[in-house]
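# Coordinate inspection notes
Residue-level listing of the chains:
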Amino acid sequence: MPCTPDTTSHPCFTEKAAQSCGRVHLPVAPKCNVLCGYCNRKYDCVNESRPGVTSGVLTPAQAADYLDRVLEREPAIRVAGIAGPGDPMANAAATLETLRLIRQRHPDMLFCLSSNGLGMPPHLDALAANGVTHATLTINAVDPDISARLYTWVRDGKVVWRGRPAAELMLERQLTALTGLVRRGIVVKVNTILVPGINDGHVEQVAERVAALGATLMNIIPLHPTHDTPLAQVAEPSPEAVGEARRLAGAHIRQMTHCRRCRADAVGLLHHDRSRELAPLLRECAQKDDGAGARPFVAVATREGMLVNQHLGEATRLQIWGLGPARGGKGGTTTGGGAASGLDDAKGTGSGDVPGSTAGMPVPVLLEERATPRPGCGPERWHALADMLKDCRAVLTAACGESPRAILREHGITVTECAGIVEDVVGAVLAGLDVNAFRARKGGVSKGCCRGGGDGC
Ligand code: SF4
Ligand code: SF4
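The following refers to the structure shown. Residue indices begin from 1 for each chain and proceed along its sequence in written order. Each chain gets a letter, beginning with A, and each ligand a number, beginning with 1, in the order they are written. Given that the model is predicted, a residue must reach a pLDDT of at least 70 before its local features are reported, and side-chain atom pairs must reach 80 or more before they are shown or counted; all residues, however, enter totals for whole chains, interfaces and linings. As a rule here, side-chain values cover all heavy atoms of the structure and leave hydrogens and water aside.

## Regarding the sheet that holds strand β12 (residues 272–273)
We apply this condition: By definition, two strands form a pair when at least two bridges between them are found by DSSP. Only DSSP runs of H or I reaching four residues or more are called helices, and only runs of E reaching two or more are called strands; each is numbered from the N terminus. Whether two residues are in contact is decided by their heavy atoms, any of which lying within 4.5 Å being enough. As a rule, the C-alpha atoms of each element are fitted with a line to give its axis, helices using only the stretch in contact, and angles between N-to-C directions run from 0 to 180 degrees.
The strand order across the open sheet built from nine strands is β10-β9-β8-β5-β4-β3-β1-β11-β12, with neighbouring strands paired in mixed fashion. The two strands at the open ends of the sheet, each matched to only one other strand, are β10 (254–255) and β12. Direction of pairing for strand β4 (residues 110–115) relative to strand β5 (residues 134–138): parallel, over a ladder of four bridges. When the bridges of β5 are listed, Ser-114 appears paired with Thr-136. Against the sheet, helix α5 (residues 163–183) makes contact with β5 and β8 (187–194), and its axis sits at roughly 165° relative to β5, the strand it touches most.

Structure representation (structure tokens):
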């Protein structure tokens, strides 16, 4: 019989521990294998506090490095977790490699995963072998007719399921995952999103079933209606409705009442989250070459070659930029760019103007241009583009639709909508700096020189 992990220092499983023990979420899992009706995995907004949101995605090696650096700044961290921004088991290779690296360096740390359960059953032994101590499964219903209303689609390998067959598959996998985790000595919490009009009369049945299968704790989370989702118009349940659901479910299983609905890159104590403060560190680690398939380049959609000013859907070619030696061995200056730092000057050499750069540092250089896949092939066009940009960490564009953004994100490429001198923005991205300043510049004018999107002059 496996030993039960120590739960007294896990801030989510033991409320008292939330005062003194922290957690860090390592965002190594960008893809998801289902689409929940309430989920919108928007990136890079430090003001958003909800699952699915992160300031960056890390490779396993970057995540191990990031964890080391977080522990230097926040020694109260006791739990390392993977909670997205997609689903850990839809990114099983990255998840298992992250676990392995962290287990080597921090054998005493608690390790926690949060998953929809669909992709978990084949990896149960590997999760246990790599030291997972706690897991959260999101199970919103134990009746497929109810959960069919909560999933837009479910993808199992190459097959996409919808409606009741999708819900039946989800439930079967979730219950197999729950039983398998418990059998391997992993402590399980079940999250249930309370959705008025859909599963609010059903949570007690969920509680009864998961308790019978060995779950330790249940976390009933009120729906947070999110823009651009099928359930955006459903009202958030009232505190009274949540309290009643917890009371009924509490007859079967202990209830969690202190959940903070954390981001996929949450870090710190539950009541003193430091993800905003540590976002630059996360971005810095995400930019670092980890020696294992790192993405050293940035792609740019530009009409004339000097400004980021083209919609991604219109771009027939993308510039590919990287870091290289400055002309004459000099590093960049910090003058903020200008027309003189345009394409011709940057070709193969680069003239500087890297925000935050110093003499002797490499500068952004234009490496090549790549033709984009032809329009008219639906999502395949964006998968093909992602394939062509395997060595790029970001695409800089004036605008981009939600579908290409989501597909590129699934492939680990961040789409950044911005405006300004290409070399300036590329320099900021490659230096791991916040590019919000370039978003703010859109349409703006500075010192009589146009710094806008390039459309008007
Ligand atoms: Fe979003 Fe999580 Fe649902 Fe995936 S499983 S769609 S990341 S809420
Ligand atoms: Fe804990 Fe809730 Fe935050 Fe998950 S979302 S880490 S359960 S407080």
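## Points about empty space enclosed by the protein
Here the idea is plain: a probe the size of a water molecule rolls over the atoms and shows the empty space left. Condition: Whether a set of points on the 1 Å grid over the protein atoms alone is a cavity depends on a 1.4 Å probe fitting there but being unable to get out, while an open set qualifies as a pocket with protein on both sides within 12 Å along at least five of seven lines; lining residues are those with an atom within 4 Å of a point. Grid points are joined across faces, edges and corners, and a volume is the space filled by probe spheres set on the points.
Throughout the structure, instances matching the rule amount to two cavities of 30 Å³ or more. Taken as a whole, the second largest cavity spans an internal volume of roughly 30 Å³. Together, Leu-312, Ala-315, Thr-372, Pro-373, Arg-381, Trp-382 and Leu-385 line the second largest cavity.

## A short note on the site of ligand 2
Heads up, the condition is: Nearness is judged by heavy atoms alone; a residue qualifies as near a molecule or strand once a single heavy atom is within 4 Å of it. Residues are grouped as follows: Ala, Val, Leu, Ile, Met, Phe, Trp, Tyr, Cys and Pro are nonpolar; Asp, Glu, Lys and Arg are charged; every other residue, Gly included, is polar.
The full set of residues close to ligand 2 is Cys-12, His-25, Lys-189, Met-256, Cys-259, Arg-260, Arg-261, Cys-262 and Leu-270. Split into classes, the residues belonging to the shell around ligand 2 amount to five nonpolar, one polar and three charged.

## Some words on helix α11 (residues 402–410)
Keep this limit in mind: Residue exposure (1.4 Å probe, protein chains only): buried if accessible area is under 20% of the type maximum, exposed if over 50%, otherwise partly exposed.
Every buried residue of α11 is listed here: Pro-404, Arg-405, Ile-407, Leu-408, Arg-409 and Glu-410. For α11, the elements touching its buried residues are β6 (151–156), α10 (379–388) and β18 (414–417). At the exit of α11 stands Gly-412, carrying a positive phi of roughly 85°.

## Section: the nonpolar core
Cut-off, in case you're wondering: Buried residues of nine kinds, namely Ala, Val, Leu, Ile, Met, Phe, Trp, Tyr and Cys, make up a nonpolar core once their side-chain atoms join them within 4.5 Å.
Counting 55 residues, the largest nonpolar core has Val-24, Leu-26, Tyr-66 and Met-120 as its most contacted members. Excluding residues that lie within four positions of it along the chain, Tyr-66 makes contacts with Val-24, His-25, Leu-26, Leu-58, Val-267, Leu-281, Leu-282 and Cys-285.

## Observations regarding the environment of Glu-277
The residue Glu-277 is located in helix α8 (residues 275–287) in this model. Expressed as a C-alpha distance, the spacing of Glu-277 and Val-267, which sit ten residues apart in the sequence, is 9.4 Å.

## Some words on unusual backbone geometry
Trans peptide bonds make up the majority, and among non-glycine residues the majority have a negative phi. Look at Asp-228: it is not a glycine, yet its phi comes out positive at around 65°. The residue Asp-228 is located in the loop between β9 (217–222) and α7 (239–250) in this model. Positioned with a positive phi, Arg-261 is a non-glycine residue whose angle comes to about 50°. When you line up the elements, Arg-261 lands in the loop between β10 and β11 (267–269). Overall, Arg-261 belongs to the partly exposed group, its relative accessible area being 23%.

## Overview of the sheet that holds β6
If you walk across this open sheet you meet the three strands as β2-β6-β7, and the pairing is antiparallel. Lying at the two open borders of the sheet, with one neighbouring strand each, are β2 (34–36) and β7 (159–161). Put simply, the sheet's adjacent strands are angled 20° from each other on average, direction ignored. Here three bridges tie β2 to β6, and the two strands are oriented antiparallel to one another. Note on β6: the bridge partner recorded for Leu-35 is Trp-153. Along the sheet, α5 makes contact with β2, β6 and β7, crossing β6 at roughly 60°.

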